[in-house]
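Residue strings, one per chain:
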Amino acid sequence: MAAILAKKLGMTQRFLDDGRVERVTVLEAGPCPVTGIRTVERDGYEAVQLAFGSVREKRLSKPELGHLKKAGAPPLRDLVEFRDEAGELQVGETVSAGAFEPGDKVKVSGRSKGKGFAGTIKRHNYSSGPKSHGSHNVRAPGSIGASATPSRVFKGVRGPGRMGGGRITQRGLEIVEVREGENLLLVRGAVPGPRGATVEVRSDVR
């Protein structure tokens, strides 16, 4: 099994033997009980469903509680399916941080930080206008359409709007340390999302 759900605890640094500093993200990975197995014969695809994130029982609906109870799992908030990762797993088993080893290449998916409404300079890296005396075009987007023909703005023109808050997958990350007793994975580099966010960790076979 090369997939797990984790909680982003934050970033820190490690000092290597040669004195270099390595920036790492600390992930609390699992333990994640297996709550469902999807098969081609029954569902049309292969996948394994993992649960993660302790939550009070009153926060879940009766169908959710029944589904978890059937798998012998406690009340958990997040249910995520991982395609083509079932392997030899069965419902009721548990996936832990020990499924990974130092040196493994992984990709981490999560929801990026929401930054609210932003203009074109911050959102799309537009160039700013002149800042000389009398200028009225300091942070405006400039011309975004033609005049008489076609007398409209084409679809897809990058403009101001809500920035961030979308699903992001960061590839090419490497696990530098596994602390199975503490359910921790130390990943070189940054991963999407704020502290406390739930992320998906998969093997990166690319």
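Provided above is the structure to which this section pertains.
Here the structure is a predicted model, which is why all the values come from computation and not from measurement. Numbering of residues begins from 1 in every chain and follows the order in which that chain's sequence is written. Local features in this predicted model are restricted to residues of pLDDT 70 or higher, and side-chain atom pairs are both shown and tallied only at a pLDDT of 80 or more, whereas totals for entire chains, interfaces and linings draw on every residue. Excluded from the side-chain calculations are hydrogens and water; all other atoms, namely the structure's heavy atoms, are used.

Caption draft 1: Fine view of the overall build of the chain. Think of it this way: any DSSP run of H or I at least four residues long counts as a helix, any run of E at least two long counts as a strand, and we number them from the N terminus. For the chain, the helix and strand inventory stands at 3 helices and 12 strands. Taken over C-alpha atoms, the radius of gyration is set against a globule rule of 2.2 Å times the number of residues to the power 0.38. Relative to the globule expectation of 17 Å for 206 residues, the C-alpha radius of gyration of the chain, 23 Å, shows a markedly less compact shape. Counting only C-alpha atoms, the chain reaches 70 × 50 × 35 Å along its principal axes. Within the chain, contacts between residues at least 6 apart in sequence are counted, and of these 69% link residues at least 24 apart. Just so you have it, the chain exposes about 12,800 Å², and 48% of that area is on carbon and sulfur atoms. As used throughout, the charge tally considers Lys and Arg to be positive and Asp and Glu to be negative, leaving His and the chain termini uncounted. For this purpose, a charge sits on NZ of Lys, CZ of Arg, CG of Asp or CD of Glu. Each charge sign in the chain was given a centre, from 35 positive and 23 negative side chains, and these centres are 15 Å apart. Only heavy atoms enter the contact rule, under which two residues are in contact if any of them lie within 4.5 Å. The accessible surface values rely on the Shrake-Rupley method and a 1.4 Å probe; as for residues, cover is taken only from the protein chains in view.

Caption draft 2: Representation of the sheet that holds strand β1 (residues 3-15) in the model. For two strands to be treated as a pair, DSSP must find at least two bridges joining them. As summarised here, the arrangement of the 6 strands in space is β1-β2-β11-β10-β7-β12, forming a closed barrel in which the pairing is antiparallel. Averaged over neighbouring strand pairs, the angle between their axes works out to 50 degrees when direction is ignored. Pairing of strand β7 (residues 105-111) with strand β10 (residues 167-179) involves 6 bridges; the strand directions are antiparallel. Counterpart to K105 in the pairing with β10 is E174. Axes, fitted as lines to C-alpha atoms, cover a helix only where it is in contact. Angles between the N-to-C directions of the axes lie from 0 to 180 degrees.

Caption draft 3: Structural view of the sheet that holds strand β6 (residues 94-95). Strand order in the open sheet formed by 4 strands is β5-β4-β3-β6, with antiparallel pairing between adjacent strands. Strands at the two margins of the open sheet, each flanked by one partner only, are β5 (76-83) and β6. Where strand β3 (residues 32-38) lies against strand β4 (residues 47-54), 4 bridges are found, and the strand directions are antiparallel. Note that in β4 the partner of R38 across the bridge is A47. Sheet strands touched by helix α2 (residues 62-70): β3, β4 and β5. Its angle to β5, the strand with the most contacts, is close to 65 degrees.

Caption draft 4: Looking closely at the side chain of S109. Structurally, S109 can be placed in strand β7. Every residue in contact with S109, bar those within four places of it in the chain, is listed here: R167, I168, T169, V199, E200 and R202.

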